[in-house]
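Here is how the chains run, residue by residue.
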Amino acid sequence: MEAGRERHDDVEHGSLVTPSAEFPPLGPPERAALGRIGERWRAPRDGDLPVDPTLIRSDRRPVPTRFGRLAPFEMFTVEKPDELVATERANLPGSRLGRASTRLRRALFGPPLSSAAVLYERMRKLVALPVLSSDLLSSVAYGPEAMLTVLVLAGTGALVVSLPLAAVLVVLMVAVGASYRQTIQAYPHGAGSYVVAGDNLGRLAGLAAAAGLMVDYVLTVSVSVAAGVNAVTSALPGFAPATVPLGVLVIAVLLAANLRGVRTAGNIFVLPTYAFVVAVLAVLVVGYARAAGRGFAPVPPPAVPAAEGLGLLLVLRAFSSGAVSMTGIEAVSNAVPAFRPSEWRNARATLGWMVFLLVLLFAGLTGLIRLEGLVPVPGETMLSQLGRVTFPTGPWYALLQVATTLILLLAANTAFNGFPRLLFFMARAGHAPRRFLHMGDRLAFSNGMAALAVAAGVVFAAFGGHTQSLIPLYAVGVFLAFTLSQAGMVVHWRRRRGRGWRRRLAVNAVGATLSGLVLLTAAVSKFTEGAWVVAVAVPLLVLLFLRIHRHYATLHRALALHPPATAPPGPAGSAEGEELPQEVRHLVVVPVARLNRASLRALAYAASLGQPTLAVHIAPEESEADRFREEWRAWGDHLRLEAIVSPYRAVIGPLAHYLEALHTTRPELTLTVIVPEVVLRRRWHRPLHSRAEQRLRAALRALPGVVVTSVPVHLAE
């Protein structure tokens, strides 16, 4: 619970989304320990450095190098004393292949943005509405159909229940929407279900909400793309065999578009969302006008034989299927920092418009489908059927299908905004890999976006791109997050007890109760249809998050600063516990295979350090060891040599075990292993060499108290 309060304090004191989140500041205890360590620091400090670190003065004229055609001095600017700023050119890699890939990446995604531009990568309300509502609004293209597909199993007569169910769903939409508006006000710097539940209900509740949201976001991409491809195949049945390749291609295009940055991606998705809203409103206006001409008399639907009875379980299944129309309603609360100031006010206004449009479109389509007597049929969506009936002639049906296809394909953009931000919050708290804190060239969370695209592509391909097969997995995860978030807000208002807290608590309590009922309904009624997958996945994800957090907690304890010991460590101490230069005791070890220029340079470098130095030679037989000792004496026997005979001809294993034995004998020693290494300029030369240096470095990396460094010798050709 204390950790939750600390996270909430972080929210209160600044934006959670910043490029500097990868480098958290030291806490007060560590800062105090750092000062005490510095007081005991005894390393000598020379007055002048042999080079000018600011790169302003140089006796030599800068010339191009093998790392690029630009002089290195042109890649840095001096902004203030003791601080250099790397220019955009400094990001160019050294190899030709690397520079070519960089140019290709910038052509696809645009030039890199400065960290200072994060303040300008914000969205105004007119852009944020289509970007963040594409998932929510697009769900009306398949939400009513999902509800009717279940009801029609009881025959044509069961369709009369659709209108009361739609009314209950409208109440649920309004209640959950009002609850999230209060969440935005209570957490003005951005907080989704993960932060709210963790802050108020504890860590496990927050992780469960995060797991539910992650499943929801992955399924959002899969279901949206599946529905979009289904809209294409409804109009063009010849493309049906290519459903999976088309869907995977769309996911890749969505990833590329979102990697261009929040503002650029937002501009891409504005027109399709508004076009879909206008198209559906046109269908509703024309459709209800036609119905008014016949006195709103419903058209008799075609007779459908009943496959099962109309019971409570069937109604509950239909209700939970229709509830998928609410997926994406939490996106605004996650993305509050993506709005222009004042962020929380703009976010609340945007969410209000989103809920209004959702209620209007969902209720309008459900009612019009009932008036036109339409029923679900294989091979064509209900929105497509409604479009054919409403616009029997002219280009309007085609325009409706194009707008529907575009918004369904682009609805996954909401997940590409929410999923990376969720991972950002989790990584900041240590429950997800820290790589998800990193912002890419375009100030987008590229690692999180790539992870989402891969997961969604796998799910889409595994289910063959069938929307109805994916929907049973959908409601459980999202309504788990809804329920925990709104329950967390109830606890929040009980703790704060500010002005109007009872009214706000009541709103969130209603949202939590209704969301919980939908969660239970979906989990029970759709358990055998696939909801069991989510019921298993959520606990496994929570367990994974806890294991990740345990690892980072162990890492923090190992690396956290603490006051230095009053006396240097004794013989039984650990070399890795030394933090003061006067406590470090060295033994330099140089593996030497043969006496050549590379090994002699490594030996010279080791001797220049002024520390005890030992050379080690691994020989396959005693005669070779005797021969090497003779060469060593011819060189002058300047350093102590230890020859190890390896009769089984292995080199890396005996050397690593020998160094481990040395460290076990004197654990307070820091063993610095200096490896001579020939640097090859061309990649095709690498198979011509054994690369023993690389294998030795990999073997020694696991040994505690051992430092491995290389002395390179570069080939001229």
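Structure: above.
Residues numbered from 1 in each chain as written. Predicted model: local features only at pLDDT ≥ 70, side-chain atom pairs only at ≥ 80, totals over all residues. Heavy atoms only, no water.

J.: Could you give an account of the overall build of the protein chain, with specific residues and numbers?
T.: A tally of helices and strands in the protein chain yields 25 helices and 7 strands. Evaluated residue by residue, the protein chain yields a buried proportion of 49% over its 717 residues. The long-range share in the protein chain, meaning contacts at least 24 apart out of those at least 6 apart in sequence, stands at 79%. (Helix = DSSP H or I, 4+ residues; strand = E, 2+ residues; numbered from the N terminus. Buried < 20%, exposed > 50% of the residue type's maximum accessible area, 1.4 Å probe, protein only. Contact = heavy atoms within 4.5 Å.)

J.: Could you give an account of the packing of helix 14 (residues 382-390) against helix 15 (residues 396-410), with specific residues and numbers?
T.: In contact at an axis separation of 9 Å, helix 14 and helix 15 are set at 160° when each is read in the N-to-C sense. Between helix 14 and helix 15, the interaxial angle falls into the category roughly antiparallel. Considering only the axes of helix 14 and helix 15, their crossing is right-handed. Side by side, helix 14 and helix 15 meet where Leu383, Ser384, Gly387 and Arg388 of the first sit next to Tyr397, Leu400, Gln401 and Thr404 of the second. A breakdown of the residues in the contact of helix 14 with helix 15 according to their chemical character gives 3 nonpolar, 4 polar and 1 charged. (Axes fitted to C-alpha atoms, helices over the stretch in contact; angles between N-to-C directions. Parallel < 35°, antiparallel > 145°, perpendicular 65-115°, else oblique. Left-handed = near helix turned anticlockwise from the far one by under 90°. Nonpolar A, V, L, I, M, F, W, Y, C, P; charged D, E, K, R; others polar.)

J.: Any chance you could break down the side chain of histidine 492 for me, citing the residues and the numbers?
T.: Along the polypeptide, histidine 492 turns up in helix 19 (residues 474-496). Look at histidine 492 and you get buried, because its relative accessible area is 5%. Residue contacts for histidine 492: discarding those within four places in its chain leaves Ala186, Tyr187 and Asn200.

J.: Outline the pattern of salt bridges, supporting the account with residue identities and numerical values.
T.: Here the structure, examined in full by the defined rule, presents 8 salt bridges. Taking the shortest distance from any N to any O, the salt bridge between glutamate 631 and arginine 627 comes out at 2.5 Å. Here the residue glutamate 631 and the residue arginine 627 both occupy positions in helix 23 (residues 622-635), the gap between them amounting to 4 residues, near one helical turn. For glutamate 631, a relative accessible area of 34% corresponds to the partly exposed category. Judged by its relative accessible area of 35%, arginine 627 is partly exposed. Shared partners join several salt bridges into a network, and the residues in it are Glu624, Arg627 and Glu631. (Salt bridge = Lys/Arg side-chain N within 4 Å of Asp/Glu carboxyl O.)

J.: How would you sum up a nonpolar patch on the surface? Please name residues and give values.
T.: Together, Phe527, Trp532, Val533, Val536 and Leu540 line one region of the surface with nonpolar side chains, adding up to about 460 Å² of accessible area. As for its placement among the helices and strands, valine 536 is situated in helix 21 (residues 527-559). (Patch = residues over 30% accessible without salt bridge, like charges linked within 9 Å, V, L, I, M, F, W, Y side chains within 5 Å. Areas by Shrake-Rupley, 256 points an atom, 1.4 Å probe, with all protein chains shown as cover.)

J.: Tell me about unusual backbone geometry, residues and numbers included.
T.: A positive phi is found at phenylalanine 296, a non-glycine position, where the angle reads about 55°. Mapped onto the fold, phenylalanine 296 is located in the loop between helix 10 (262-293) and helix 11 (312-322). Look at phenylalanine 296 and you get partly exposed, because its relative accessible area is 45%. The backbone phi angle of aspartate 637 is positive, close to 55°, even though this residue is not glycine. Structurally, aspartate 637 can be placed in the loop between helix 23 and strand 5 (640-645). Overall, aspartate 637 belongs to the partly exposed group, its relative accessible area being 45%.

J.: I'd love a proper account of helix 25 (residues 692-700), names of residues and values included.
T.: The complete set of buried residues in helix 25 reads Leu696, Arg697 and Leu700. Summarising the axial view, the buried residues of helix 25 lie within an arc of 100°, below the 170-degree limit, and thus occupy one face. Close packing links the buried residues of helix 25 with strand 3 (585-591), helix 24 (652-665), strand 6 (669-679) and strand 7 (706-714). (Arc of directions from axis to C-beta.)

J.: Before we move on, can you summarise helix 24 with the specific residues and values?
T.: The end-to-end C-alpha distance of helix 24 is 20 Å, a good match for the 20 Å that 14 residues give at a rise of 1.5 Å each. Within the span of helix 24, buried status applies to Ile652, Leu655, Ala656, Tyr658, Leu659 and His663. Within helix 24, the buried residues cover an arc of 160° as seen down the axis, which keeps them to one side. What points out from helix 24, more than 90 degrees from its buried face, is the exposed set His657, Thr664 and Thr665. Considering only its buried residues, helix 24 is in contact with strand 3, strand 4 (613-619), strand 5, strand 6 and helix 25. (Expected span 1.5 Å × (residues − 1).)

J.: Talk me through the sheet that holds strand 5; I want residue IDs and the actual numbers.
T.: Strand order in this open sheet of 5 strands is 5-4-3-6-7, and the pairing throughout is parallel. Bordering the open sheet on either side are strand 5 and strand 7, each of which pairs with just one other strand. Going across the sheet, the axis of each strand differs from the next one's by a mean of 25°, ignoring polarity. Two elements, strand 3 and strand 4, share 4 bridges in a ladder whose sense is parallel. Bridged to proline 591 within strand 4 is valine 616. Strands in contact with helix 25 are strand 3, strand 6 and strand 7; relative to strand 6, the strand with the most contacts, it is inclined by about 160°. (Pairing = 2+ DSSP bridges.)

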